[in-house]
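Observations on chain architecture
Here is how the chains run, residue by residue.
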Amino acid sequence: MPDFDLAIIGGGINGTGLARDAAGRGLRVLLVESNDLGSGTSSASSKLIHGGLRYLEKYAFRLVREALGEREVLLRMAPHVIRPMRFMLPPMPGMRAPLLLRLGLFIYDRLAPRQLLPPSRTVDLTHNPIGQPLQRLFRYGFEYSDCWVDDARLVLLTAMDAKERGADIRIHTRCVRVERGANWELVLNRRGRREVATARVLVNAAGPWIGEVAETVIRQPLKAPVRLIKGSHIVVRRRFEHDCGYIFQAPDGRVVFALPFADEFTLIGTTDENFVGDLKSPAPSPAEVTYLCDVVNQYFRERVTPDELVWSFSGVRALYDDGSKRPEDVTRDYELVLDQKKDLAPLLTVYGGKITTHRKLAEAAMDKIGVFFKTLPPWTAGSSLPGGDFPADGFYALVGETIGRWPFLSEPHARRLVRAYGTRVERILGDAQSMDDLGPRLTGDLTGAELRYLVEHEWVETAEDVLYRRGKFGLKTTPDERIAINQFIVSLSGQVAS
Ligand SMILES: Cc1cc2nc3c(=O)[nH]c(=O)nc-3n(C[C@H](O)[C@H](O)[C@H](O)COP(=O)(O)OP(=O)(O)OC[C@H]3O[C@@H](n4cnc5c(N)ncnc54)[C@H](O)[C@@H]3O)c2cc1C
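Keep in mind that what you see is a predicted model, and the values were worked out from it rather than measured.

1. Here's the deal with the domain arrangement of the protein
- Domain parsing of the protein yields domain 1 (4-41 + 152-225 + 331-382), domain 2 (82-149 + 227-319) and domain 3 (395-497).
- The C-alpha centroid of domain 3 is placed 30 Å from the C-alpha centroid of domain 1.
- Counting from both sides, the interface comprises 15 residues of domain 1 and, opposite them, 12 residues of domain 3.
- On the domain 1 side of the interface with domain 3, the three residues burying the most area are Asp36, Arg153 and Met160, jointly 44% of the side's total.
- Counting across the domain 1 and domain 3 interface gives five salt bridges.
- Its salt-bridge partner being Glu164, residue Arg424 comes within 2.8 Å of it at the nearest N-O pair.
- Taken together, the connections running from domain 1 to domain 3 amount to seven residue pairs in polar contact (both at pLDDT 80 or more).

2. Describing the pairing of strand β2 (residues 29-32)
- Judged by which residues are buried, β2 turns out to be covered on both faces: Val29 and Leu31 on one side and Leu30 and Val32 on the other are all buried.
- Summarising the sheet, strand β1 (residues 4-9) and β2 pair through four bridges and their orientation is parallel. By the bridge assignment, Leu6 is partnered in β2 with Val29.
- For the crossover that starts at β1, traverses helix α1 (residues 13-24) and ends in the parallel β2, the hand is right-handed.
- As paired elements, β2 and strand β7 (residues 168-170) share three bridges and run parallel to each other. Following the sheet pairing, Val32 is matched in β7 by Arg170.

3. Topic: the nonpolar core
- Core analysis: the biggest nonpolar cluster contains 111 residues, and Leu6, Ile8, Leu18, Val29, Ile82, Tyr144 and Leu154 have the highest contact counts within it.
- No other element matches helix α4 (residues 151-164), which puts seven residues into this core.
- Every residue in contact with Val29, bar those within four places of it in the chain, is listed here: Phe4, Leu6, Ile8, Ala19, Ala22, Ala23, Ala167 and Asp168.
- Counting residues in hydrophobic clusters, the runner-up holds 25 residues, among them Val123, Phe240, Cys244 and Val304.

4. Points about the packing of helix α8 (residues 395-405) against helix α9 (residues 411-421)
- Interaxial distance between α8 and α9 falls to 9 Å at its minimum, and their mutual angle equals 125 degrees. In terms of their interaxial angle, α8 and α9 are classed as oblique. α8 and α9 meet at a crossing whose hand is right-handed. Of α9, the residues touching α8 (which contributes Phe395, Tyr396, Leu398, Val399, Thr402 and Ile403) are Glu411, Ala414, Arg415, Val418 and Arg419.
- Its residues assigned to classes, the contact of α8 with α9 comprises seven nonpolar, one polar and three charged.

Rules of the game
- Residues numbered from 1 in each chain as written.
- Predicted model: local features only at pLDDT ≥ 70, side-chain atom pairs only at ≥ 80, totals over all residues.
- Heavy atoms only, no water.
- Domains from an automatic or database assignment.
- Contact = heavy atoms within 4.5 Å.
- Buried area = accessible area lost by both parts, 1.4 Å probe.
- Salt bridge = Lys/Arg side-chain N within 4 Å of Asp/Glu carboxyl O.
- Polar contact = N/O pair within 3.5 Å; in protein donor to acceptor, adjacent residues only side chain to side chain.
- Buried < 20%, exposed > 50% of the residue type's maximum accessible area, 1.4 Å probe, protein only.
- Helix = DSSP H or I, 4+ residues; strand = E, 2+ residues; numbered from the N terminus.
- Pairing = 2+ DSSP bridges.
- Right-handed = clockwise from strand over helix to strand, strands pointing away.
- Core = buried A, V, L, I, M, F, W, Y, C linked by side-chain atoms within 4.5 Å.
- Axes fitted to C-alpha atoms, helices over the stretch in contact; angles between N-to-C directions.
- Parallel < 35°, antiparallel > 145°, perpendicular 65-115°, else oblique.
- Left-handed = near helix turned anticlockwise from the far one by under 90°.
- Nonpolar A, V, L, I, M, F, W, Y, C, P; charged D, E, K, R; others polar.

As structure tokens, then:
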């Protein structure tokens, strides 16, 4: 008998989502991630749980309906790392007609059931704080609902839940070679150490690396072509005080979001470019930065300039190549390709997908691979991720309870902790009576107690994991703080290992 029923290559949202679903259905699951969880495309998204208003124009009704329906399912599953967000869409003269925008939102409101998120409406921008940062030319706009997600933490929590349900999650473990027989034999490289594992079914969920994994690890070319498309974001000082986002129409017909980010910043993105280059470090080109600045400068009163970036990042989508000419037209829907040959173990390859549809993708994948096993029925729709076991509208109540129980926390500190850990804040704060009981302050309000929790429970191994994925402290840390965090992690890792 093989060691595992299912082996998954790739610890992004799609790999971890499938690992969680499969483990919860009783399968023996191995997931290998060559780097940190979510370190690929899944931490470089626009961080939206959305139907994708723009995809309505492409008549992608299946995708939009499914994604719209997932907003509230995911919000209920993780009301700490996901929150409802209102978006302002100001009509721009010469672009899509206001009537067309209104019609699009009418459809958006009605394509899928909605209980928690309010419908769209027209807003007078001259008398609403949401109009304040916009140029005077915008007198009214359309407001609608989607959700915001901490993408990297969603991946982490999904992996954590998979682990708690029995999956074997191995990070910093690269799958270097597989041999296909009646079962798969995987050769793994875990920090220079060779490991071997066997599994009945193999899943290539390596995101933009699916082609590379197919060619070099599985040594069997992809059955269907993949299209790699890069999207970039820039982060600048906060341009507005409220917690709504903006969706701006660009002159080329695309849309650009401007979103509140990590309290003090604004996140602006994204672009769409065919990707060529090194997948290890995709980065925004000067032309992409200028493009994003130019688009938002047509809307905001206060100019955004390329020289004021606090941070920037790019991600690469691995889309199912439907032959579209323009990168923005290639389908964002997922495709699951099953390769099943007589007497040979099955292989499933994951193309595309969105953070928003990862749970449905996992269910669809289980439909395909479930035929090889006796599995339990779908279960994730009514489930919670770790720390998410509180009502979807209960975030502020939980912040209040947290301050009530640990009164020495400031409101922003309690809010950040609840946003990240939900009900699991208790595991960090324990019976602390004062800030001093939480250990040294390492950067901002990151304490030794929190970092210990991250190392012990969230696979943190380097400062980078904490600064840009488990949290966003990196936007404000000094080089000295970074060194201190690394040293603290090294000292804790010794204690955890011993
Ligand atoms: C710019 C941009 C914006 C986006 N915005 C949104 C959004 O707002 N909302 C939304 O829903 N979706 C969004 N998406 C889509 C979403 O981010 C992706 O569909 C999703 O993150 C893909 O996840 P994945 O797990 O397939 O790939 P990845 O997250 O890239 O994971 C693949 C993993 O495989 C690992 N790997 C590769 N080779 C090996 C190997 N040999 N052994 C072990 N591990 C290996 C990699 O290290 C990587 O971590 C956006 C995408 C982009 C690019």
